[in-house]
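Single-letter residue listing:
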Amino acid sequence: MCSSHHADQWMLCPQCDLMTQLPELKPGSKASCPRCETTLTANWIEPQKRPTGYALAALFMLVLANLFPFVNMHVAGLSSEITLLRIPQVMVSEDYNSLATLFMVFVQAVPAVCMVIILLLVNPVRLSLPLKKGMSRMLFQIKTWGMSEIFLAGVLVSFVKLMAYGNIGVGASFIPWCLFCVLQLRAFQCVDRRWLWNRIEPMPEIPAKPIPAISGIHQGLRSCRCCTAILPVDQYTCTRCGTGGYARRKNSLQWTMALLVTSMLLYIPANLMPIMITQALGTKITSTIMAGVVLLWSEGSFPVAMVIFIASIMVPSLKMIAIGWLCWDANSKGATHHDSERMHKIYEVVEFVGRWSMIDVFVIAVLSALVRMGQLMSIYPATGALLFAMVVILTMFAAMTFDPRLTWDRVREKNLEEPSIEGK
C-alpha cells in the first residue's frame, strides 16, 4: 500500500475521474485537471486568516442588514418601508408559507450557517471529531443552496419595475446586505475542500499503486465525493468522512430523468398560471412570467426585460434541454475526447446558471412585501410563483444527481500532460 503521505500527492478528478498526481503548489496557485480543466485543489495564501476574516465580516453585515430598513417606496403621498424580515412575514400573512420558508432558508439561513461552519472548522476550535466531520459534510452539501446574491439581483430588478409608479429608496441595511453578498462568496472561495479535510483527518492510504492519466474506475479505485479520499471501488463508506457512495452515482440517469420530467410537467402550469396579482384602485390584474417581460419591454426597460426573459424563460428551458442531452449522450456508445469535453462544458454551464432562475421568485417576494398601499396599489404572490420555484429546485436536483464522469467513461484514455498550475 502507498503511505498516507504518498496519498496526499494523488487525486481523482471529481468531474472526469482521471487519476492525477498533484504537483507541489506554491502559495497562491491551484492545480487543474489536465483532461477537463476542473480545479482540483488550491493553495491559498493565509488559508486560515482569509476565510476567517471574510466569514466574520459577512456575519456582521448580515446582522446589520436585518436590523434596519431595507428599501422604501413613496407613491402619491403614501409611503411603504420594509426590512428583510418583513418579507417572509408578508408571505406568511398571505398564506404562502412555502415561499416564506424558501426565502428564509435560501437567502438567510444557508449562507449564515455556512459562515459559522467555516469559522469553526478553519480555526483551532475544540470540537469532537465526529462533529467536525458532520459540519464539513454539511458545508459542502448545502452551500450550493445559498442564494443571497440572487436575491440582491431580484431587488435591483424590483427597483426598475417600481420606478414607473413612484420614488424608490434604499434603507440603512441595503449597503450591508450588498457587502454580505460579496463577503460570503469570497469566504466560500477561500476554503479549499482538500485542505479543510486534511486539517480534520489525514488522507487514508491508497489501496493500490495509482496509475496516472487513467480513470480510477479502470484501476479499481473511486473518489469520495465529500473529502476526495481515494478508496477501493467496492468500498461503500469512506473511512475518513463516513460518506457513502459508489464508483458512479447509483441510478444517476434514472434519477436525473425522473426529476427532469417532473420539472417539465410543472413548468407548463408555472408559465400559464399567474405568478403575481396587482390590485390597483380596486382592480385586480394578474400577470404571468411572460406578461411581466412584455410589460417591461413596452415600458422601455429593455435591459431588465431581457434579464427576466433570460433568467425565467430561456435558462429553465435550455437547462431542461441540456440535462436531457447530457443523459442521452451519457447513455450512448463511443465518444471522442472532443465530444466529452463539449458535454462537460455544457454540464458546467447547467450547474452554474440553474440557481439564477430564482430571480423572478425573489422579485415577487420584494414587490409583495413593499407594495402594500391599500386600495391605491398592492401586490400579492400567486400560485405560479410557487410552481416556478419548484421547477428551479427540481432542475437543480436533476443537475446534482447527474454524474458528469459518465460522459468521460467512453473515451479511450491515453497519457496526458501534468496538471496545469495557475496563480491566483
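Residues numbered from 1 in each chain as written. Predicted model: local features only at pLDDT ≥ 70, side-chain atom pairs only at ≥ 80, totals over all residues. Heavy atoms only, no water.

Caption draft 1: Layout of the overall build of the protein chain. Of the regular secondary structure elements, the protein chain holds 14 helices and 13 strands. For 424 residues, the compact-globule estimate of 2.2 N^0.38 gives 22 Å, and the protein chain sits close to it at 24 Å. For the protein chain, the spread of C-alpha atoms along the three principal axes comes to 75 × 50 × 35 Å. Taking the contacts inside the protein chain whose residues are at least 6 apart along the sequence as the reference set, 73% of them involve residues at least 24 apart. (Helix = DSSP H or I, 4+ residues; strand = E, 2+ residues; numbered from the N terminus. Rg over C-alpha atoms; globule rule 2.2 N^0.38 Å. Contact = heavy atoms within 4.5 Å.)

Caption draft 2: Inspection of the packing of helix α6 (residues 148-162) against helix α7 (residues 174-189) at higher detail. Axis separation between α6 and α7 bottoms out at 9 Å; the angle between their running directions is 145°. Note on packing geometry: the crossing formed by α6 with α7 is left-handed. Here Ser148, Glu149, Phe151, Leu152, Val155, Leu156 and Phe159 of α6 come into contact with α7, specifically with Phe174, Trp177, Cys178, Phe180, Cys181, Gln184 and Leu185. For the contact of α6 with α7, the per-class residue count stands at 11 nonpolar, two polar and one charged. (Axes fitted to C-alpha atoms, helices over the stretch in contact; angles between N-to-C directions. Left-handed = near helix turned anticlockwise from the far one by under 90°. Nonpolar A, V, L, I, M, F, W, Y, C, P; charged D, E, K, R; others polar.)

Caption draft 3: Structural context of the pattern of salt bridges. A complete count under the given rule lists six salt bridges for this structure. Salt-bridge contacts for arginine 355 lead to glutamate 149; the nearest nitrogen and oxygen are separated by 2.7 Å. Within this pair, whereas arginine 355 is found in the loop between α12 (337-353) and α13 (359-370), its partner glutamate 149 is found in helix α6, the two being separated by 206 residues in sequence. Here arginine 355 and glutamate 149 have matching classes, each one buried. Here arginine 248 makes a salt bridge to aspartate 409, at a shortest N to O gap of 2.8 Å. (Salt bridge = Lys/Arg side-chain N within 4 Å of Asp/Glu carboxyl O. Buried < 20%, exposed > 50% of the residue type's maximum accessible area, 1.4 Å probe, protein only.)

Caption draft 4: Seen up close, the nonpolar core. Counting residues in hydrophobic clusters, the biggest one holds 123 residues, and the most contacted among them are Ile87, Met115, Ile118, Phe151, Trp177 and Met358. Top element by residues in this core is helix α4 (residues 97-122). It accounts for 15 residues. Once you skip the residues sitting within four places of it in the chain, isoleucine 118 turns out to touch Pro51, Ala55, Leu139, Ala187, Phe188 and Val191. Membership of the second largest hydrophobic core comes to 12 residues, among which are Cys13, Ala31, Leu40 and Trp408. (Core = buried A, V, L, I, M, F, W, Y, C linked by side-chain atoms within 4.5 Å.)

Caption draft 5: Focus on the state of the cysteines. Scanning the entire structure with this criterion turns up zero disulfides. Left without a disulfide partner, cysteine 226 is nearest to the cysteine sulfur of cysteine 241, which lies 4.2 Å away. The class for cysteine 226 is buried, based on a relative accessible area of 4%. (Disulfide = S-S within 2.5 Å.)

Caption draft 6: Layout of the environment of glycine 245. Counting through the fold element by element, glycine 245 comes out in the loop between β9 (230-232) and α9 (252-272). With relative accessibility at 10%, the residue glycine 245 sits in the buried group. Separated by 29 residues in the primary sequence, glycine 245 and proline 274 place their C-alpha atoms 42 Å from one another. Excluding residues within four positions of it along the chain, glycine 245 makes contact with Arg222, Gln235 and Tyr236.

Caption draft 7: Examining the sheet that holds strand β10 (residues 276-280) more closely. Read across the sheet, three strands follow the order β11-β10-β12 without closing on themselves; strand pairing throughout is antiparallel. Strands at the two margins of the open sheet, each flanked by one partner only, are β11 (283-287) and β12 (377-381). The mean angle between the axes of side-by-side strands here comes to 20°, regardless of whether they run parallel or antiparallel. With five bridges joining them, β10 and β12 adopt antiparallel strand pairing. (Pairing = 2+ DSSP bridges.)

Caption draft 8: Quick peek at the sheet that holds strand β7 (residues 167-170). In space, the three strands of this open sheet follow the order β6-β5-β7, with antiparallel pairing throughout. Unpaired on one side and paired on the other, β6 (78-82) and β7 mark the two borders of the sheet. Averaged over all neighbouring strand pairs, the angle between strand axes comes to 15°, with direction disregarded. In the packing of α13 onto the sheet, contacts are made with β5 (71-75) and β6, and the angle to β6 comes to roughly 130°.

Caption draft 9: Focus on the packing of aromatic side chains. A complete count under the given rule lists 11 aromatic pairs for this structure. Note on phenylalanine 151 and tryptophan 177: the rings are 5.8 Å apart at their centroids and 90° apart in plane angle, and the pair reads as edge-to-face. Note that phenylalanine 151 is positioned in helix α6 and tryptophan 177 in helix α7, a separation of 26 residues in sequence. On the basis of relative accessible area, tryptophan 177 is assigned to the buried category, the value being 0%. Residues phenylalanine 159 and phenylalanine 174 carry aromatic rings whose centres are separated by 5.9 Å and whose planes lie at 35° to one another, so their mutual orientation is tilted. Remark: phenylalanine 174 occurs in helix α7 and phenylalanine 159 occurs in helix α6; sequence separation between them is 15 residues. Residue classification places phenylalanine 174 among the buried residues on the basis of a relative accessible area of 9%. Residue placement shows arginine 193 over the ring face of phenylalanine 140; its charged tip is 4.3 Å from the ring centre. (Phe/Tyr/Trp six-rings, centres within 6.5 Å; stacked < 30°, edge-to-face > 60°. Lys NZ or Arg CZ within 6 Å of the ring centre and 35° of its normal.)

Caption draft 10: Quick peek at a nonpolar patch on the surface. A contiguous nonpolar patch, built from Trp297, Phe302, Met306, Ile310, Met314, Leu318 and Ile321 and spanning about 660 Å² of accessible area, is present on the exposed surface. For the nonpolar patch, the element with the most residues is helix α11 (residues 302-330), which contributes six residues. Examined against the element boundaries, isoleucine 321 turns out to sit in helix α11. (Patch = residues over 30% accessible without salt bridge, like charges linked within 9 Å, V, L, I, M, F, W, Y side chains within 5 Å. Areas by Shrake-Rupley, 256 points an atom, 1.4 Å probe, with all protein chains shown as cover.)

Caption draft 11: Local environment of α7. An ideal rise of 1.5 Å per residue puts 22 Å on 16 residues; α7 measures up with 23 Å between its terminal C-alpha atoms. Looking at α7, one finds that the buried residues are Phe174, Pro176, Trp177, Phe180, Cys181, Leu183, Gln184, Ala187 and Phe188. Residues of α7 that are buried in the fold lie against α2 (49-67), β5, α4, α5 (129-142), α6 and β7. (Expected span 1.5 Å × (residues − 1).)

Caption draft 12: Seen up close, α13. Taking 1.5 Å of rise per residue, 12 residues should cover 16 Å, and α13 covers 17 Å from first to last C-alpha, within 8% of that figure. Residues Ile359, Asp360, Val361, Phe362, Val363, Ile364, Ala365, Val366, Leu367, Ser368, Ala369 and Leu370 constitute the buried set of α13.

Caption draft 13: Broad picture of unusual backbone geometry. For glutamate 46, which is not a glycine, the phi torsion comes out positive at approximately 50°. Among the structural elements, glutamate 46 can be located in the loop between β4 (39-43) and α2. The exposure class of glutamate 46 is partly exposed, given its relative accessible area of 44%. Here alanine 213, not a glycine, exhibits a phi torsion of approximately 65°, which is positive. On the basis of relative accessibility, which here comes to 9%, the residue alanine 213 falls in the buried class.

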